Every structure is written in C-alpha cells, then in structure tokens.
Amino acid sequence: MRNVKMALTGIAFTTLFFLSPKATAQVDVSVGADLMSRYVWRGTDFGGSPSIQPYLEMSAGSFVLGAWGAYTTNLPGAQEADLYAGYSFSEVFGLTLTDYYFPLDDMSDEYFDFENNHSLEISGTLTLKKFSLLAGKFFAGADDKSLYLEAGYDFGVANIFLGAGDEVYTTDGDFGIVNVGIGASKEIKLTDYFSLPLSGAIILNPESESLFLVVGVSF
C-alpha cells in the first residue's frame, strides 16, 4: 500500500505542476476517441467485442498528464479507465507512470481499493530514428510482478513489433513471446477539410496460439 500511495503522490505533484500559473500558459489539451474492432493489448484480447477508447491529455513542455479508457460494446464486458503521467527527457528517451483500473460495467467497482483494483506500471521508451524499445514493469497493486518488453521498427509504409512478457501476459507465468505483428495507418479523405485516420494491425500471440486482425478509426 505504501508503494501505491507514493506513486499516486507522484501523479498528484505532476497535476499541481499543470495547475501552476507558470505551466498554465504553456498547457496544450487534446481530447478524442478511437473506435476499434477489438481491444488487443500486448497480445491479449480484452472483451471480445468492438471497443470505444476515449482519451483526454494535457501537455506542458516535456510533461504529459492524461486519462485513457476502453469500453467494450458487449455486456458484461471488459472496461478500463487509466491515469498516466510522463516526462520526455529528450526525443530519444521518456518515462511514464500508469495507473491501470478495471471497473465493472456500472463503474462502481470500489475505485479506492488500490490493492485489488489497480495496477501501477513504470515504463520507459527509447527511440532511435525508426527503431524503438519499450520496457514496462508492474510494481504495485493487484499486479506487482509482470514485466513486458517490446521492440519495433517503422518502415514508413508499415511498422513491425515483437513483444514478450511474463506473469499476467502468459498462460503459465513464464517469460515468452506474446505479441508479434505488423501495423499500418492511412488517412481517408472525406472532404476537402476533413480526413478520417484509419489504422490496422495483424497480431499473433505465439504463446497462446491466438491471431487477431484489428482495425479502427480515430476522431
């Protein structure tokens, strides 16, 4: 519980930064939503139905503070509401603290029960031109053990990725490859002033022997 409180305190201090007079003049706010055919995260399908994924994000310089959710269209379904805070040390390296929360459909799943209903992860990203690395480690809450690593390469017309994890990511808890795929995106021009971003990916989870084809639009 002490680790959870420390992490939440860090998010609170980041929030105060955005509310300070100096930061307020520099804050950019973005809001939107993605409509996905499936919510597949790190090689696992959550919900088994189309997913609505809203987000709200504030940024000021190298700091970012945001909220992201995923809501399946089937009932009962898998729901998610996350908070995150991040800092980019340069265009190459950044750190993010994420509080993952999975409520029930009625949104009353004891939000303040941090030990059982939340999982905190610290993740780092390294980007070198078209090559990227991600490392994420859960350290407090319901999941305080799982580790995930992912490498990616952007070819321009498409990107490929390879991810591996243990504990919650695999059926036996052992470290294994769980997320292999290729993704692409394009803009669908609807009018002279409006285009609709379209993205898609084919994803293989060798560990669970699952294959997913996912497509979505952004608003």
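Definitions and limits used
- Residues numbered from 1 in each chain as written.
- Predicted model: local features only at pLDDT ≥ 70, side-chain atom pairs only at ≥ 80, totals over all residues.
- Heavy atoms only, no water.
- Salt bridge = Lys/Arg side-chain N within 4 Å of Asp/Glu carboxyl O.
- Buried < 20%, exposed > 50% of the residue type's maximum accessible area, 1.4 Å probe, protein only.
- Helix = DSSP H or I, 4+ residues; strand = E, 2+ residues; numbered from the N terminus.
- Core = buried A, V, L, I, M, F, W, Y, C linked by side-chain atoms within 4.5 Å.
- 1 Å grid on protein atoms, 1.4 Å probe; cavity = no way out; pocket = protein on both sides within 12 Å on 5 of 7 lines; lining within 4 Å.
- Points joined across faces, edges and corners; volume = space filled by probe spheres on them.
- Nonpolar A, V, L, I, M, F, W, Y, C, P; charged D, E, K, R; others polar.
- Pairing = 2+ DSSP bridges.
- Polar contact = N/O pair within 3.5 Å; in protein donor to acceptor, adjacent residues only side chain to side chain.
- Axes fitted to C-alpha atoms, helices over the stretch in contact; angles between N-to-C directions.
- Contact = heavy atoms within 4.5 Å.

This paragraph deals with the pattern of salt bridges. With the rule as written, the count across this model stands at two salt bridges. Across the pair Arg-38 and Asp-45 runs a salt bridge whose closest N-O atoms are separated by 3.7 Å. Relative accessible area serves as the criterion here: at 31%, Arg-38 is assigned to the partly exposed category. Judged by its relative accessible area of 27%, Asp-45 is partly exposed. A salt bridge links Glu-121 to Arg-42; the shortest N-O distance between them is 2.8 Å. With a gap of 79 residues between them, Glu-121 in strand β8 (residues 118–128) and Arg-42 in the loop between β2 (40–41) and β3 (44–45) connect regions that are remote in the sequence.

Below, the discussion takes up the nonpolar core. In terms of nonpolar packing, the biggest core is built from seven residues, these being Met-36, Val-40, Phe-161, Ala-201, Ile-203, Phe-212 and Val-214. Among the secondary structure elements, those contributing two or more residues to this core are β13 (195–205) and β14 (210–218). Ranked by size, the runner-up nonpolar core spans five residues in total, among them Tyr-100, Phe-138, Tyr-148 and Val-178.

Before going further, it helps to spend a moment on the layout of surface pockets. Of the pockets and cavities examined, the largest pocket occupies roughly 1400 Å³. What lines the largest pocket is a set of 41 residues, and nearest its centre among them are Val-40, Trp-41, Arg-42, Trp-68 and Glu-150. For the lining of the largest pocket, the leading source of residues is strand β10 (residues 147–154), giving five residues. Among the residues making up the lining of the largest pocket, the classes are represented as 17 nonpolar, 14 polar and 10 charged. Estimated volume of the second largest pocket: approximately 200 Å³. The class makeup of the residues in the lining of the second largest pocket is seven nonpolar, two polar and two charged.

With that out of the way, let us pick up the pairing of β14. One ladder, built from three bridges, connects strand β1 (residues 28–36) with β14; its direction is antiparallel. Along β14, the bridge assignment pairs Leu-35 with Val-217. Here β13 runs beside β14; their pairing, made up of eight bridges, is antiparallel. Of the residues in β14, the one forming a bridge with Leu-204 is Leu-211. If you look at the hairpin formed by β13 and β14, you'll find four residues sitting between the two strands, and Glu-209 has a positive phi there, around 55°.

So, on to the side chain of Ser-119. You can see Ser-119 is positioned in strand β8. Take Ser-119: its relative accessible area is 9%, and that puts it in the buried class. Engagement of the side chain of Ser-119 in a polar contact is seen with the backbone nitrogen of Asp-143, the distance being 3.1 Å.

Further remarks concern the sheet that holds strand β11 (residues 159–165). In space, the 12 strands of this closed barrel follow the order β1-β4-β5-β6-β7-β8-β9-β10-β11-β12-β13-β14, with antiparallel pairing throughout. For this sheet, the mean inter-axis angle between neighbouring strands, taken without regard to orientation, is 20°. When β1 meets strand β4 (residues 51–60), the two strands line up antiparallel, connected through nine bridges. Counted as the bridge partner of Ala-33 is Pro-54 from β4.

Bringing the environment of Glu-57 into the picture now. Structurally, the position occupied by Glu-57 is in strand β4. Residues Glu-57 and Val-31, spaced 26 residues apart in sequence, show a C-alpha to C-alpha distance of 6.4 Å. With near-sequence residues (within four places) excluded, Glu-57 lies in contact with Asp-28, Val-29, Ser-30, Val-64, Leu-65, Gly-66 and Tyr-84. In this structure the side chain of Glu-57 is engaged in a polar contact, spanning 2.5 Å, whose partner is the side chain of Tyr-84.

Before going further, it helps to spend a moment on the environment of Ala-85. Locating Ala-85 in the fold gives a position in strand β6 (residues 79–88). For Ala-85, a relative accessible area of 10% corresponds to the buried category. Sequence spacing of Ala-85 and Ser-59 is 26 residues, and the spatial spacing of their C-alpha atoms is 9.7 Å.

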